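Topology and contacts: notes
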Amino acid sequence: MKTLHWETLGFRSSSILKLFKHQLPTGGEIEEHRHDFHEIFWILSGEAEHEVNGERSCLRHGDLVWIRPHDRHRVTGASRQPLQFYNLAFPAEIIGELTARYEEFRYYFGSDNRQPIMIPLSESLFEWLDRGAAGLRNNPESRLALDRFLMNLVGELSTMLANPYRRCPAWLQEAAAELERQPEHLKLGSRALAVLAGRTPEHVARELRRFAGVTPSEAVNRARADYAARLLSGSDLTITQIAYQCGFGSLSGFFPAFRRFYGETPLEYRRTHRIFANICFPDANGSRRY
């Protein structure tokens with residue numbers, strides 16, 4: 001596997017970043033590789049099959065991926081139109097310094113995170129990213145400009161992950177909250193939010209993508225994963241029972257969806273949080289459950 005090195009990328013030594021627009025034809029591929037620097041890329045148009053650390057996913061307009069130095073990945077154009085994306089690269093020590101200073105960076109770049117950041121952007125965040133990229137393009141030698149861009153980006157991602165519906169219309173925020181309160185609707189799949197909101201599925205899909213950067217299926221899978229996390233830590237249901245109660249048709253669908261939002265398997269999550277619960281809240285018999 002090829003390893004790319006920052007020192008050999010071939011641009012001015014005074015530059016602390018490299019930003020460019022890349023295009024791949026249908027079926028075109030960037031072969032599997034790794035590098036000793038950070039790389040952020042986000043999709044402008046087209047679709048891609050992205051494989052990172054052995055796991056595959058589909059990327060489309062508005063999706064952002066943050067590749068770390070130890071990650072290995074490949075990108076393949078997967079739609080009829082060419083794949084276009086922005087690519088920002090910068091030295092690893094910049095994140096090392098920010099991680100030492102800010103808790104938010106430690107959350108994203110800790111050694112326990114097997115997969116890198118992969119997140120769909122809302123339209124407003126996508127537009128902000130485009131403006132931020134223009135600022136970096138004009139200041140490739142400015143450490144201040146890069147630090148400001150990265151700190152703002154991580155801050156926006158943290159807020160978005162904590163409450164992805166904060167910029168949505170009130171009716172959509174209420175439907176999402178109702179989905180949390182009435183998990184039986186999770187079995188409706190992608191129709192759940194439309195049913196709870198009393199709107200057409202097409203309208204809900206447009207508004208979700210515009211304000212939250214997700215599809216109805218992704219929104220429901222997030223709610224399913226959150227509900228599963230509560231059941232894993234607070235019930236004696238088996239993992240199979242939890243999967244079906246959350247609306248997943250099989251364990252093969254449950255496991256990758258849960259890992260995407262929680263960074264670990266359901267069994268790993270249960271073990272970790274059961275240990276914490278046993279320490280902090282022992283039952284009357286002092287027994288431990290796993």
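**Re the packing of aromatic side chains**
Any two aromatic rings considered together are summarised by their centre-to-centre distance and by the angle between their planes. The final tally for this structure, using the stated rule, is 12 aromatic pairs. Ring centres of W42 and Y86 lie 5.5 Å apart, and the angle between their planes is 40°; this geometry places the pair in the tilted category. Of the two residues, W42 sits in strand β4 (residues 37–45) while Y86 sits in strand β9 (residues 83–91), which places them 44 residues apart along the sequence. Taking relative accessible area as the criterion, Y86 reaches 10% and is therefore assigned buried. With centroids separated by 5.9 Å and ring planes inclined at 65°, the aromatic side chains of F254 and F258 adopt a geometry described as edge-to-face. Of this pair, F254 and F258 both sit in helix α10 (residues 251–262), four residues apart, roughly one helical turn.

**Let's talk about the packing of helix α8 (residues 216–234) against α10**
Interaxial distance between α8 and α10 falls to 9 Å at its minimum, and their mutual angle equals 90°. When the axis of α8 is compared with that of α10, the two are roughly perpendicular. On α10, the residues touching E218, N221, R222, A225, D226, A228, A229 and L232 of α8 are F254, A257, F258, R260, F261 and Y262. Residues that form the contact of α8 with α10 fall into these classes: nine nonpolar, one polar and four charged.

**Concerning the environment of T272**
Here T272 shows up in helix α11 (residues 266–280). With 235 residues separating them along the chain, T272 and F37 place their C-alpha atoms 32 Å apart.

**Comments concerning the sheet that holds β4**
With antiparallel pairing, five strands are arranged side by side in an open sheet as β2-β9-β4-β7-β10. At either end of the open sheet lies a strand with only one pairing partner, and these are β2 (18–24) and β10 (117–120). On average, adjacent strands in this sheet sit at an angle of 20° to one another, irrespective of strand direction. With four bridges connecting them, β4 and strand β7 (residues 63–67) associate as antiparallel partners.

**Describing the environment of A92**
Structurally, A92 is set in helix α1 (residues 92–101). Residue A92 is classed as partly exposed on the basis of its relative accessible area, which comes to 26%. Excluding residues within four positions of it along the chain, A92 makes contact with D36, F37, H38 and P69.

**Points about the confidence of the model for the protein chain**
Here the protein chain averages 85 in pLDDT, while 90% of its residues score no lower than 70. The low-confidence segment residues 276–284 (pLDDT under 50) makes five contacts with residues lying over four places distant or belonging to another chain. Confidence drops under a pLDDT of 50 for residues 286–290, and excluding neighbours within four residues, the segment shows eight contacts in the predicted structure.

**Comments concerning the side chain of E207**
Considering the arrangement of structural elements, one finds E207 in helix α7 (residues 201–211). Relative accessible area serves as the criterion here: at 13%, E207 is assigned to the buried category. With near-sequence residues (within four places) excluded, E207 lies in contact with P169, W171, L172 and A212.

**Side note on α10**
If you check α10, its first and last C-alpha atoms are 16 Å apart, about what 12 residues at 1.5 Å a residue would give, namely 16 Å. Inspection of α10 places F254, A257 and F258 among the buried residues, and these make up the whole buried set. Burial along α10 is one-sided: seen end-on, the buried residues are contained in an arc of 100°.

**Comments concerning the pattern of salt bridges**
Pairing between side chains of opposite charge can happen when the charged atoms of each approach one another. Going through the model one piece at a time under the given rule, you end up with 15 salt bridges. Among the salt bridges present, the one from R56 reaches E49, with a minimum N-O distance of 3.9 Å. A residue is classified by how much of its surface remains accessible, and R56, at 60% relative accessible area, is exposed. When its relative accessible area of 35% is taken as the criterion, E49 is described as partly exposed. Through salt bridges with shared partners, a single ionic network connects E29, E32, E49, E51, R56, R72 and R74.

**Here's the deal with the sheet that holds strand β1 (residues 2–4)**
The strand order across the open sheet built from five strands is β1-β3-β8-β5-β6, with neighbouring strands paired in mixed fashion. Unpaired on one side and paired on the other, β1 and β6 (55–59) mark the two borders of the sheet. Averaged over neighbouring strand pairs, the angle between their axes works out to 30° when direction is ignored.

The rules behind these values
For every chain, the first residue of the written sequence is number 1, and numbering continues from 1 onward in sequence order. Thresholds applied to this predicted model are a pLDDT of at least 70 for local features of residues and 80 or more for the giving and counting of side-chain atom pairs; totals over whole chains, interfaces and linings are not thresholded and use all residues. For the side-chain quantities, the full set of heavy atoms in the structure was used; hydrogens and water were omitted. Any pair of Phe, Tyr and Trp rings, taking the six-membered ring for Trp, is counted once the centres come within 6.5 Å. Such a pair is stacked with planes under 30 degrees apart, edge-to-face with planes over 60 apart, and tilted for the rest. Helix numbering and strand numbering both begin at the N terminus, where a helix is a DSSP run of H or I of at least 4 residues and a strand a DSSP run of E of at least 2. Per-residue accessibility, obtained with a 1.4 Å probe over protein chains only, is compared with the maximum for each type, and a residue is labelled buried under 20%, exposed over 50%, and partly exposed between these values. For helices, the fitted axis covers only the stretch in contact; all axes are lines through C-alpha atoms, and the angles between them, taken along N-to-C directions, range from 0 to 180 degrees. By the definition adopted for this analysis, an angle is roughly parallel if under 35 degrees, roughly antiparallel if over 145, roughly perpendicular if from 65 to 115, and oblique otherwise. The contact criterion used is simple: two residues touch if any of their non-hydrogen atoms lie within 4.5 Å. Following the grouping adopted for this structure description, the nonpolar residues are Ala, Val, Leu, Ile, Met, Phe, Trp, Tyr, Cys and Pro, the charged ones are Asp, Glu, Lys and Arg, and the polar ones are all others, Gly among them. Pairing between two strands is assigned when DSSP locates at least 2 bridges connecting them. What pLDDT conveys is the predictor's confidence in a given residue, as a value from 0 to 100. The span expected for a helix works out to 1.5 Å for each residue beyond the first. Arc, as used here, means the arc of the directions from the helix axis to the C-beta atoms. The salt bridge criterion pairs a side-chain nitrogen of Lys or Arg with a carboxyl oxygen of Asp or Glu, the two atoms within 4 Å.

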